[in-house]
Amino acid sequence: MTTHAATQSTGKDVTNILRTAGLRPTRQRVSLAELLYSKGDRHISAELLHEEAVAADVPVSLATVYNTLHQFTEAGLLREVAIDGNKTYFDTNVSDHHHFFIEGENRVIDIPGEGVGIDAIPEAPDGMEIVRVDVVVRVREKR
């Protein structure tokens, strides 16, 4: 998928989305997908999704949440947003756009695709191709 995977999805919608992406709609995948997509576009960490799953009585380990998020990302249902190499968020909006990272709140918000201009991108090394350019603009409250 190259646009929003799902917003306000029902169980049946999520099952179809998973099948279309080539993923078997297991009970845990369906439950996690419903949690992910039921609140519209958002950025979520594995830890927060695990907390939501526990609160919703979805029996799933943190390791399974991580594995599922990575499977969804590989299938094109999510976009991974890495901050400083040690914090990862998963974005339900897979369209072309960039991000603000709000320091102190550990929150990520979208910048529309046309909101950032890049004049020059280096050529990829031999045998490689550029897949995507991610821009993360770090912001904080004015002091």
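Note that the coordinates shown come from a computational prediction; the quantities given were computed from them, not determined experimentally.

1. Observations concerning the sheet that holds strand E4 (residues 97-102)
In step 1: As summarised here, the arrangement of the three strands in space is E5-E4-E6, forming an open sheet in which the pairing is mixed. For this open sheet the edge positions go to strand E5 (107-112) and strand E6 (136-139), each flanked by a neighbour on one side alone. For this sheet the average axis-to-axis angle between neighbouring strands, irrespective of direction, equals 30 degrees.
In step 2: Here E4 pairs with E6 via four bridges, running parallel. The residue of E6 that forms the bridge with Phe-101 is Arg-138.

2. A word on unusual backbone geometry
In step 1: We note that Asp-57 has phi near 60 degrees; this positive angle belongs to a residue other than glycine.
In step 2: Of note, Asp-57 is situated in the loop between helix H3 (46-55) and helix H4 (62-74).
In step 3: For Asp-57, a relative accessible area of 69% translates into the label exposed.
In step 4: Not every positive phi belongs to a glycine, and Asn-106 is a case in point at roughly 50 degrees.
In step 5: Relative to the helices and strands, Asn-106 resides in the loop between E4 and E5.

3. So, the sheet that holds strand E1 (residues 43-44)
Within a beta sheet, neighbouring strands are joined by backbone hydrogen bonds and run either parallel or antiparallel to one another.
In step 1: An order of E1-E3-E2 is seen for the three strands of this open sheet, with the pairing classed as antiparallel. The sheet terminates laterally at E1 and strand E2 (79-83), the two strands that pair on one side only.
In step 2: In this sheet, strand E3 (residues 87-91) lies alongside E2 in antiparallel orientation, the contact comprising five bridges. Its bridge partner lying in E3, Arg-79 is registered against Asp-91.

4. Quick word on the environment of Pro-25
In step 1: Checked against the element boundaries, Pro-25 lands in the loop between helix H1 (11-20) and helix H2 (27-37).
In step 2: Pro-25 gets classed as partly exposed once you look at its relative accessible area, which sits at 24%.
In step 3: As for Pro-25 and Gly-117, which are separated by 92 residues in sequence, their C-alpha atoms are 39 Å apart.
In step 4: Discounting residues that sit within four places of it in the chain, Pro-25 has contacts with Thr-15, Leu-18, Arg-19 and Val-30.

5. What to know about the packing of aromatic side chains
In step 1: For the structure on display, the rule yields one aromatic pair.
In step 2: Taking the centre distance of 6.4 Å and the plane angle of 50 degrees together, the rings of Tyr-89 and Phe-101 count as tilted. With Tyr-89 in strand E3 and Phe-101 in strand E4, this residue pair connects regions lying 12 residues apart in the sequence. Like Phe-101, Tyr-89 is buried.
In step 3: Directly above the ring of Tyr-89 sits Lys-87, whose terminal nitrogen or CZ lies 5.6 Å from the centroid.

The rules behind each value
Residues numbered from 1 in each chain as written. Predicted model: local features only at pLDDT ≥ 70, side-chain atom pairs only at ≥ 80, totals over all residues. Heavy atoms only, no water. Pairing = 2+ DSSP bridges. Helix = DSSP H or I, 4+ residues; strand = E, 2+ residues; numbered from the N terminus. Axes fitted to C-alpha atoms, helices over the stretch in contact; angles between N-to-C directions. Buried < 20%, exposed > 50% of the residue type's maximum accessible area, 1.4 Å probe, protein only. Contact = heavy atoms within 4.5 Å. Phe/Tyr/Trp six-rings, centres within 6.5 Å; stacked < 30°, edge-to-face > 60°. Lys NZ or Arg CZ within 6 Å of the ring centre and 35° of its normal.

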